[in-house]
Amino acid sequence: MPLRPTALPIAMRRLVSALLPAALLALAPLPAAAQSQSEEDDLPVAEIQAFAEVFERIKRAYVKEVEDADLLRNAMRGMLSELDPHSAYLDSEEFESLRESTQGEFGGIGIEVGMEDGQLTVITPIDDTPASRAGLQSRDKILRIDDTPTDRLSLQEAVNLMRGDPGTEIRLTILRQGESAPLEVTLTREIIRTQSVKSELLEAGYGYLRVSQFQTRTGEQVASAIRRLERDAPLKGLVLDLRNNPGGVLQAAVDVADAFLDEGLIVYTEGRLPDSEMRFSAGRETVAADVPLVILINGGSASAAEIVAGALQDQRRGVVMGTASFGKGSVQQIMPLGNGEGLKLTTALYFTPDGRSIQAQGIEPDVEVIRGRLEVAEGSGLDVRESDLEGHLQSPDEQRTRSEMSERLREDYQLGEALNLLKALNVLSQRRGG
């Protein structure tokens, strides 16, 4: 059926009348100098007419009556979602949700998700949240949220379903690689107050710094944590753990990298708009410019976490260990609209100091270590130490027993290997100095 403008709703006729003159104007002859710019600005008349006809058919024939505003908003959502997995139309509630995630407090289950091959996919669970305690893993596919299939949900719609009042339950059906059937997990929502930085001493002189995501104050928290670790004695080495870190605020990533660098480029971005091209470099003041460093990454390390790992790797500041990172190297800008809503639009790509694109490539570790558990063969005689004997003398300076720490390093093979590497680097440094 051909387009009949008189049959269109008033709102749609106004849209067509606003768009068609601009498109038709582009058909008039132009000076050669202006022709190339005009070609970029041309509006496709046939596609606008097709859009108007689809709009009219839905209004007239769809099984239920649909408001014009809902159809147009859905069209905008679809337009953005087809660009890439991270661009989205944000209503006022989604604006608030985005603000909460960067500030570090929201109601939900504590999970970072994205779209991968059209499926809702876990990027990483956030530490100490219902999602992490339930054992959700990076790259789990979420098939259903309660009784709602996720295959027709936008990313933001899925996030909205998973967030909710503390104390309420949510049921997720997930598909995990290596499992023969989907798994069903029931979680109870909590107020998620994420502490993005944790620190402790693995052994005397060897520190552990865990950054779970990049929030507004993460850079300050990292600096404070390093000072606490060095309160009693200088550090001989430090493990920076960025595993399962989904990213976050760009400036926070720059601040964390700057804590270990006293010069040089950290990251730069390239896009079509002048203000999307940025360069960030390290300042001279730093809290840990000389501490030997091992950076742990895995498939759940994304975006801002990859910026930090890539900068420290390119600047030869530390050894990157673990498995390849996620590969989310795009920059999203939040653009407010006049109606109080907005766009989250991909406007640029991240590049490491050496010019490597992170997008769909990720960061490859210098030393690949697959996550696992160290098991001691039964009967080998290697699994008994003085600290395991009943009634052994306690060291007055120990904050935790050696057996507790040994168990942790057995549980986390990558962390144990990172500590061993730091010790080896320290030995080599001492020999060179001697």
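Quick caveat: nothing in here was measured; it's all calculated off a predicted structure. (Residues numbered from 1 in each chain as written. Predicted model: local features only at pLDDT ≥ 70, side-chain atom pairs only at ≥ 80, totals over all residues. Heavy atoms only, no water.)

**Considerations on the packing of helix H9 (residues 250-258) against helix H10 (residues 304-314)**
No. 1: Their axes nearest at 9 Å, the elements H9 and H10 cross at an angle of 30°. Between H9 and H10, the angle is such that the two are roughly parallel. Regarding H9 and H10, the two cross each other, and that crossing is right-handed. Here Leu250, Ala253, Val256 and Ala257 of H9 lie close against H10, whose contacting residues are Ala304, Ile307, Val308 and Leu312. (Axes fitted to C-alpha atoms, helices over the stretch in contact; angles between N-to-C directions. Helix = DSSP H or I, 4+ residues; strand = E, 2+ residues; numbered from the N terminus. Parallel < 35°, antiparallel > 145°, perpendicular 65-115°, else oblique. Left-handed = near helix turned anticlockwise from the far one by under 90°. Contact = heavy atoms within 4.5 Å.)

**Describing the environment of Ser81**
No. 1: With respect to the secondary-structure elements, Ser81 resides in helix H4 (residues 68-81).
No. 2: On a C-alpha basis, the gap between Ser81 and Gln156 in space is 9.9 Å, while along the polypeptide they are 75 residues apart.
No. 3: Engagement of the side chain of Ser81 in a polar contact is seen with the backbone oxygen of Gly78, the distance being 3.1 Å. (Polar contact = N/O pair within 3.5 Å; in protein donor to acceptor, adjacent residues only side chain to side chain.)

**Notes on the sheet that holds strand S19 (residues 367-368)**
No. 1: The strand order across the open sheet formed by six strands is S10-S11-S12-S15-S16-S19, and the pairing between neighbours is mixed. Each of the sheet's edge strands pairs with one partner strand only, and the pair in question is strand S10 (197-203) and S19.
No. 2: With two bridges joining them, strand S16 (residues 319-322) and S19 adopt parallel strand pairing. Looking across to S19, one finds that Met321 is bridged to Val367.
No. 3: Set on the sheet, helix H8 (residues 218-229) makes contact with S10, strand S11 (206-211) and strand S12 (237-241); between it and S10 the angle comes to about 25°.
No. 4: With respect to the sheet, H10 is in contact with S12, strand S15 (293-297) and S16, its orientation differing from that of S15 by roughly 140°. (Pairing = 2+ DSSP bridges.)

**Section: helix H3 (residues 45-61)**
No. 1: Taking 1.5 Å as the rise per residue, H3 with 17 residues should run 24 Å; its terminal C-alpha atoms sit 24 Å apart, in good agreement.
No. 2: Restricting attention to buried positions, one finds in H3 the residues Ile48, Ala52, Glu53, Phe55 and Glu56. On an axial view of H3, the arc spanned by its buried residues comes to 160°, and they lie on one face. Across H3 from its buried face, at more than 90 degrees, point the exposed residues Glu47 and Ala61. (Expected span 1.5 Å × (residues − 1). Buried < 20%, exposed > 50% of the residue type's maximum accessible area, 1.4 Å probe, protein only. Arc of directions from axis to C-beta.)

**Some thoughts on the pattern of salt bridges**
No. 1: This model, assessed by the stated rule, comprises 19 salt bridges.
No. 2: Among the ionic pairs, Glu56 bridges to Arg60, the shortest N-O distance being 3.6 Å. Of this pair, Glu56 and Arg60 both sit in helix H3, separated by four residues, roughly a single helical turn.
No. 3: Asp140 is the partner of Arg176 in a salt bridge, and the nearest nitrogen-oxygen pair spans 2.9 Å. With Arg176 in the loop between strand S7 (169-175) and strand S8 (183-188) and Asp140 in the loop between helix H6 (130-133) and strand S5 (141-145), this residue pair connects regions lying 36 residues apart in the sequence. (Salt bridge = Lys/Arg side-chain N within 4 Å of Asp/Glu carboxyl O.)

**Here we look at H10**
No. 1: The element H10 is extensively covered by neighbouring structure, given that eleven of its eleven residues are classed as buried.
No. 2: Of all the residues in H10, the buried ones are Ala304, Ala305, Glu306, Ile307, Val308, Ala309, Gly310, Ala311, Leu312, Gln313 and Asp314.
No. 3: The inward-facing, buried residues of H10 contact S12, H9, strand S13 (265-271), S15, S16 and strand S18 (342-351).

**With respect to the nonpolar core**
Generally speaking, soluble globular proteins have nonpolar side chains that are buried together.
No. 1: Judged by nonpolar contacts, the single largest core of 43 residues is most densely connected at Phe214, Leu240, Leu242 and Phe260.
No. 2: Secondary structure elements with two or more residues in this core: S11, H8, S12, H9, S13, S15, H10 and S18.
No. 3: With seven residues, H10 is the single largest residue contributor to this core.
No. 4: Grouped together as the second largest cluster of nonpolar side chains are 19 residues, Ile142, Val159, Ile174 and Leu187 included. (Core = buried A, V, L, I, M, F, W, Y, C linked by side-chain atoms within 4.5 Å.)

**Quick notes on the packing of aromatic side chains**
No. 1: Throughout the structure, instances matching the rule amount to one aromatic pair.
No. 2: An angle of 10° between the planes, with centres 5.2 Å apart, marks the rings of Tyr268 and Phe351 as stacked. Here the residue Tyr268 occupies a position in strand S13, and Phe351 occupies one in strand S18, the gap between them amounting to 83 residues.
No. 3: Taking the relative accessible area as the measure of exposure, Phe351 reaches 13% and is therefore buried.
No. 4: The ring of Tyr268 has Arg279 sitting right over it, with the charged end atom 5.4 Å from the ring centre. (Phe/Tyr/Trp six-rings, centres within 6.5 Å; stacked < 30°, edge-to-face > 60°. Lys NZ or Arg CZ within 6 Å of the ring centre and 35° of its normal.)

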